[in-house]
Amino acid sequence: MNRTELGTALRALRQASGKEAKAVARSAVMSTAKLSKVENGHVAPSVIDVERILTALDVSNQVKAEYMAAARAQATEATAWRLVRRMGFHRKQEEIRALEASMKLLRLFQPSLVPGLLQTPEYVRAVLQGKGLSEDQLARTIGARIERQRVLYDTGKQLRFVVMEPVLRWRLLPPAMMAGQVDRITSVSRLPNVDVRVVPLDRPQADVPGHSFVIRDDRMVTVETTHAEVIVTDPRHVALYVEKYERFASVALPGWFRRDG
């Protein structure tokens, strides 16, 4: 099933459901214009897009499995950050929030930055400083990221973080603000459904960090590169990331913040 065929099939499903495009687009966290382009084959939907549309249409598990298999035919997708900027970084945060709302397990590895779900507003601002955003865009994006952090308090989800020690040493903020950032991580790490571990530099390693990645429910991996966000859904490739995460988790220290913070 190619892009046009998939779009046509999704449109047929929506029409059969009796739901208006505007309602489906809202539930799928996309604009009505984008849904129209997907249905007409003008835009290739991502795996996430297809999953959201199918969820909004409330199709059976059998139909969902069939269409998701077609969407995964191209199992690796890349979205350039310039396109995210055009869409609006705050809207990207809203998309991620919708994705996190449906997951049960998150495993995140980060060798260079404090994970977004653990960042203070000051840290978020420091990370976004070089992206050329206006003050209004910056404020909206910071607000959207902080709003995402509500997922930390959902005890129906398990959130596991493994970070390298340099994450806590990299001075993106003045010392007092960095201390506040570490204090924030310490506080969150005490939540019953949150596990935060640190890989210390003085521990022997059997792997190389490479880049950050997020695994959601063993079904999707998000990788952030310098120029783009890459989505991986091929089960074989997802399994590779799970193995890599577990290797780092095995040498990471739990309770590091309460001991050294």
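In this text the structure is predicted, and so the values were computed from the model without any measurement. (Residues numbered from 1 in each chain as written. Predicted model: local features only at pLDDT ≥ 70, side-chain atom pairs only at ≥ 80, totals over all residues. Heavy atoms only, no water.)

A. Main features of the overall build of the protein chain. A tally of helices and strands in the protein chain yields 13 helices and eight strands. Taken over the C-alpha atoms alone, the protein chain extends approximately 60 × 40 × 35 Å along its principal axes. Each of the 261 residues in the protein chain was classed as buried or not, and the buried ones make up 48%. Summarising the internal contacts of the protein chain: among those between residues at least 6 apart in sequence, 75% fall at separations of at least 24. Each charge class in the protein chain can be summarised by its mean position, and for the 40 positive and 29 negative side chains these summaries are 3 Å apart. (Helix = DSSP H or I, 4+ residues; strand = E, 2+ residues; numbered from the N terminus. Buried < 20%, exposed > 50% of the residue type's maximum accessible area, 1.4 Å probe, protein only. Contact = heavy atoms within 4.5 Å. Lys, Arg positive; Asp, Glu negative; His and termini not counted. Charge placed at Lys NZ, Arg CZ, Asp CG, Glu CD.)

B. Geometry of the pairing of strand β3 (residues 158–164). Among the seven residues that make up β3, five are buried, leaving the element largely enclosed by the rest of the structure. Bridge count between strand β2 (residues 105–110) and β3: six bridges; the pairing is parallel. Bridging from a neighbouring strand, L106 pairs with L159 of β3. As paired elements, β3 and strand β4 (residues 194–199) share six bridges and run parallel to each other. Bridging from a neighbouring strand, V162 pairs with R197 of β4. (Pairing = 2+ DSSP bridges.)

C. Region of the structure containing the packing of helix α8 (residues 121–128) against helix α9 (residues 135–148). One can describe the packing of α8 onto α9 by two numbers: an axis separation of 10 Å at closest approach and a directional angle of 130°. It follows that α8 is oblique to α9 by the angle criterion. As α8 packs across α9, the resulting crossing turns out to be right-handed. Residues P121, V124, R125 and L128 of α8 form the contact with α9, whose participating residues are E135, L138, T141, I142, R145 and I146. For the contact of α8 with α9, the per-class residue count stands at six nonpolar, one polar and three charged. (Axes fitted to C-alpha atoms, helices over the stretch in contact; angles between N-to-C directions. Parallel < 35°, antiparallel > 145°, perpendicular 65-115°, else oblique. Left-handed = near helix turned anticlockwise from the far one by under 90°. Nonpolar A, V, L, I, M, F, W, Y, C, P; charged D, E, K, R; others polar.)

D. Focus on unusual backbone geometry. Positive phi, normally seen in glycine, also occurs at V29, with a value near 55°. Relative to the elements of secondary structure, V29 occurs in the loop between α2 (21–27) and α3 (32–39). Among the residues examined, V29 registers a relative accessible area of 28% and is labelled partly exposed. For D58, which is not glycine, the phi dihedral falls at a positive 55°. Mapping D58 onto the fold places it in the loop between α4 (47–57) and α5 (61–71).

E. The arrangement of helix α7 (residues 89–102) in detail. The end-to-end C-alpha separation of α7 is 21 Å, in line with the 20 Å expected for 14 residues at 1.5 Å each. Within α7, burial applies to F89, H90, K92, Q93, E95, I96, L99 and E100. (Expected span 1.5 Å × (residues − 1).)

F. Main features of the nonpolar core. With 24 residues, the main nonpolar core has L106, L117, L118, L152, L159, F161 and V194 as its most contacted residues. For this core, the secondary-structure elements that each account for two or more residues are β2, α8, β3, α10 (166–169), α11 (175–189) and β4. (Core = buried A, V, L, I, M, F, W, Y, C linked by side-chain atoms within 4.5 Å.)

G. Molecular detail of the pairing of strand β7 (residues 228–232). In terms of burial, β7 is a largely internal element, five of the five residues being buried. The side-chain alternation of β7 yields two buried faces, one formed by A228, V230 and V232 and the other by E229 and I231. Bridge count for strand β6 (residues 220–224) against β7 is four bridges, and the pairing is antiparallel. Paired with T222 across the bridge in β7 is I231. In sequence, β6 turns back onto β7 through a hairpin of three residues.

H. Fine view of the environment of E165. Of note, E165 is situated in the loop between β3 and α10. The class for E165 is buried, based on a relative accessible area of 15%. Once the C-alpha coordinates of E165 and S36 are considered, the two residues, 129 residues apart in sequence, prove to be 46 Å apart. A polar side-chain atom of E165 sits 3.2 Å from a polar atom in the side chain of R169. (Polar contact = N/O pair within 3.5 Å; in protein donor to acceptor, adjacent residues only side chain to side chain.)

I. Looking closely at the side chain of D49. Within the fold, D49 resides in helix α4. On the accessibility criterion, D49 (6% relative accessible area) is buried. Leaving out residues up to four positions away in the same chain, D49 has contacts with M30 and K34.

None of the figures reported here should be taken as evidence of function without further support.
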